[in-house]
Amino acid sequence: MENIRNFAIIAHIDHGKSTLADRLMENTGLIKKGGAEQYLDRMDIEREKGITIKAQTVRMPFKAEDGKNYILNLIDTPGHVDFSYEVSRALAACEGALLLVDATQGVEAQTLANAYLAIDQGLEIIPIINKVDLASARPDVIIEEIEEIVGVPAREAALSISAKTGIGTGEVLEAIVKRIPPPKADPDAPLSALIFDCWYDSYQGVIALFRVMQGRVSPGMKIKFMATGAVYEVARLGVFSPDAMDIKELSAGDVGFLAGAIREIRDVHVGDTITTAKDGATEQIPGFREIQPMVFAGLYPADNVEYSELRDAIEKLSLNDASLIFEPESSPALGFGFRCGFLGLLHMEIIQERLEREFKLSLIITAPTVVYKVKTTKGEVLEVHNPSALPDAQNIDHIEEPYIRAQIHTPAEYVGGILALCLEKRGIQKELHYYAGNRVILTFDLPLNEVLLDFFGKLKTISRGYASLDYEPLDYKISPLVRLNILINGDPVDALSMIVHRDMAYERGRDLALRIKRVIPRQMFEVDVQAAIGGRVIARETVKPMRKNVTAKCYGGDITRKRKLLEKQKEGKKRMKRLGRVDIPQEAFLAILSIKEE
Ligand code: GTP
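Residues numbered from 1 in each chain as written. Predicted model: local features only at pLDDT ≥ 70, side-chain atom pairs only at ≥ 80, totals over all residues. Heavy atoms only, no water.

Draft legend 1. Quick peek at the overall build of the protein chain. Helix and strand counts for the protein chain come out as 13 helices and 33 strands. Burial statistics for the protein chain: of 598 residues in total, 57% are counted as buried. For the protein chain, the share of sequence-separated contacts (at least 6 apart) that also reach a separation of at least 24 residues comes to 70%. Looking at the protein chain as shown, the accessible area adds up to about 26,200 Å², and 49% of this sits on carbon and sulfur atoms. (Helix = DSSP H or I, 4+ residues; strand = E, 2+ residues; numbered from the N terminus. Buried < 20%, exposed > 50% of the residue type's maximum accessible area, 1.4 Å probe, protein only. Contact = heavy atoms within 4.5 Å. Areas by Shrake-Rupley, 256 points an atom, 1.4 Å probe, with all protein chains shown as cover.)

Draft legend 2. Expanded view of the sheet that holds strand E17 (residues 295-301). Spatially, the 4 strands line up as an open sheet ordered E18-E19-E17-E20, and their pairing is antiparallel. At either margin of the open sheet sits one strand with a lone partner, and together these are strand E18 (325-331) and strand E20 (363-365). Each adjacent strand pair in this sheet contributes to an overall mean axis angle of 30°, direction not counted. Across the sheet, helix H7 (residues 307-320) touches E17, E18, strand E19 (335-342) and E20, and the angle it forms with E19 is around 15°. (Pairing = 2+ DSSP bridges. Axes fitted to C-alpha atoms, helices over the stretch in contact; angles between N-to-C directions.)

Draft legend 3. Molecular detail of the sheet that holds strand E13 (residues 244-246). Sheet architecture is open: 8 strands sit in the order E11-E10-E16-E7-E8-E15-E12-E13, paired in antiparallel fashion. Each edge of the open sheet carries a strand with a single partner, namely strand E11 (231-233) and E13. Mean inter-strand twist for the sheet, computed between neighbouring axes without regard to direction, equals 40°. Two elements, strand E8 (residues 205-214) and strand E15 (residues 255-259), share 5 bridges in a ladder whose sense is antiparallel. Following the sheet pairing, Phe-210 is matched in E15 by Gly-256. Along the sheet, H7 makes contact with strand E7 (192-201) and E8, crossing E7 at roughly 145°.

Draft legend 4. Spatial organisation of the pairing of E17. Within E17, 7 of the 7 residues are buried, which leaves the element mostly enclosed by the surrounding structure. Burial along E17 is two-sided: Val-295, Ala-297, Leu-299 and Pro-301 and Phe-296, Gly-298 and Tyr-300, pointing in opposite directions, are all buried. Summarising the sheet, E17 and E19 pair through 5 bridges and their orientation is antiparallel. Pairing of Val-295 across the sheet is with Phe-342, part of E19.

Draft legend 5. Quick peek at the packing of aromatic side chains. Counted according to the given criterion, the structure contains 6 aromatic pairs. Through pairs of rings, three or more aromatic residues link up here, namely Tyr-307, Phe-326, Phe-336 and Phe-338. Residue placement shows Lys-373 over the ring face of Tyr-476; its charged tip is 4.1 Å from the ring centre. Above the ring of Tyr-403, the side-chain terminus of Lys-477 is found at 5.0 Å from the ring centroid. (Phe/Tyr/Trp six-rings, centres within 6.5 Å; stacked < 30°, edge-to-face > 60°. Lys NZ or Arg CZ within 6 Å of the ring centre and 35° of its normal.)

Draft legend 6. Quick peek at the side chain of Ser-192. With respect to the helices and strands, the residue Ser-192 is situated in strand E7. Under the relative-accessibility criterion, Ser-192 is labelled buried at 5%. Residue contacts for Ser-192: discarding those within four places in its chain leaves Arg-211, Val-212, Met-213, Gln-214, Thr-273, Ile-274, Ala-281 and Ile-285.

Draft legend 7. Up close: the pattern of salt bridges. Summed over all chains, the structure comprises 25 salt bridges. A salt bridge links Arg-426 to Glu-450; the shortest N-O distance between them is 3.2 Å. Highlighted residues: Arg-426 in the loop between helix H9 (415-424) and strand E24 (428-435) and Glu-450 in helix H10 (residues 448-462), separated in sequence by 24 residues. In this structure, Arg-426 and Glu-450 share a single accessibility class: buried. For Glu-541, the salt bridge goes to Lys-517, with nearest N and O atoms at 3.9 Å. Within this pair, whereas Glu-541 is found in strand E31 (residues 536-543), its partner Lys-517 is found in helix H11 (residues 505-519), the two being separated by 24 residues in sequence. One salt-bridge network, held together by shared partners, links Glu-401, Arg-426, Glu-450 and Arg-508. (Salt bridge = Lys/Arg side-chain N within 4 Å of Asp/Glu carboxyl O.)

Draft legend 8. Layout of helix H4 (residues 109-120). Over its 12 residues, H4 runs 17 Å from end to end, which matches the ideal 16 Å to within 8%, given 1.5 Å per residue. Judged by how many residues are buried, H4 sits mostly within the fold: 9 of 12 residues are covered. Along H4, the residues that are buried comprise Ala-109, Gln-110, Thr-111, Leu-112, Ala-113, Asn-114, Ala-115, Leu-117 and Ala-118. A positive phi of about 75° marks Gly-122, the residue just after H4. (Expected span 1.5 Å × (residues − 1).)

Draft legend 9. Geometry of the packing of helix H1 (residues 17-27) against helix H6 (residues 169-179). As a packed pair, H1 and H6 sit with axes 9 Å apart at the nearest point and diverge in direction by 80°. If you check the angle between H1 and H6, you find them roughly perpendicular. Note on element contacts: H6 touches H1 through Thr-169, Gly-170, Val-172 and Leu-173, opposite Leu-20, Arg-23, Leu-24 and Asn-27. (Parallel < 35°, antiparallel > 145°, perpendicular 65-115°, else oblique.)

Draft legend 10. Focus on the confidence of the model for the protein chain. With 87% of its residues at a pLDDT of 70 or more, the protein chain has an overall mean of 83. Within the protein chain, the lowest mean pLDDT, 57, falls on helix H2 (residues 44-49), and the highest, 95, falls on strand E5 (residues 124-130). (pLDDT = per-residue confidence, 0-100.)

In structure tokens form, the structure reads like this:
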């Protein structure tokens, strides 16, 4: 155990975590130089978007300068604000963290948020300044920022590296061995292991990734999941190094995975403790903090017959993503589906994409909404997750909406524009601080509802990509809110309604009707799109009917061409939902997200 080091790399998005992980794996001989980049980003979506979504682990054998052989367990973590939950889970399995800061960008919102998570858990922190190969690198200023903003000593402690070229990365390994303490645990006590990730494999059943806090585990052993009481036999035990590798035993301080032909998904969940079936540990390891989903949206199969496949897929995915919550719901417009809770918009997008790719489903997702608290005139308090569930105006006493406290990090020159944006979004300014190196940290209380719409995109545009945002839920405040309904050919479509601030309702309504009109394809007849508040129509747009049959231009001659055209049309229809006689594409449901983009 003296020779084990468990550590994570924490950083703001794009500061180079995955690249550094690649170099560390090369330096320890785990992977060859010049192989695929971002080795740990295994999911296709991760590679395409260039971001880490899931924490990954890898075990690296390392012979240090002191001549001893060490086992370094690296737990890679995501950097986006939506996934800070993954970070806190990963950190629970570590004794130390590398705090990676981009030498050109400096300390940003998630650098700080993640550093605080690590400090809270009492981890040893090694500050590392990355990308020193770039001409615009300012390591001295960054050191000052780390000390002043994060509050971690950096002048002597910080390492300067280039994860891309490999400069200084050898010293990182030595620093891990020298500065991060080995795990303190008793290998002879009863088994107690903390599950920090799990997923479903169609051959091996549920696979759990865990950190052994005390005791030992080996194949053939009968184990128990303490929260659910389920008992299984360990069929396979292993570590990622970097590919899955079987192992005979894991003991206190180790990180690894196990499989046990577990077909019942509900038996295992992240944060639970594994112990032995007999004479096991009596106390559960304190799990992770409960997470609150911030936004809700309806997920529906584009084709109603796929409902049970969707249920199956969501269950499997929620195993791998403990932050996804869901319950069945039905909509007159969309049929049967699920109302799901997400950590943020990126999380929602990722879930939709994973469901579609990993489970080959075609989905319609409705506009995301926050949770409103509604006090009725009868004195009841309702939690409304879906605009269509909002009671009629005459039955409402008042509505409260959730606020967040946002911290925005930006170079000083963009402060004016950002202040204007926050005020436009009904924000309340709390603090404004100037730091070394021309940095400003702004604190604002904002209605989450407004942040969902297009806040992040605008913040990035105003600051040319330099500002970063981190937020936490704050409280609920009373606001004058109304429901905006969309009617298609006179019929209200529940899945297109939204809740807006009264002062913005007219403008939003007009804009939304226009946007929906633009995305609805022409049909054989005229389609009317109306926006209404209560019974009052405030905007109307019309989709003109199609003039000709699409296949008419084939002159009836070439049947293969005609078929191709019809096929193509069918493809285009896939992500559409037929409401009455009108085909509505997925974009219409998300039209409110891009309100006033141009
Ligand atoms: P997430 O996984 O999204 O949180 O990002 P990450 O922190 O893992 O960043 P990643 O390793 O994907 O690096 C982001 C970008 O920075 C990539 O284009 C890298 O090639 C580049 N990069 C990383 N390290 C260096 C470096 O030392 N020098 C230079 N010039 N570029 C680097």
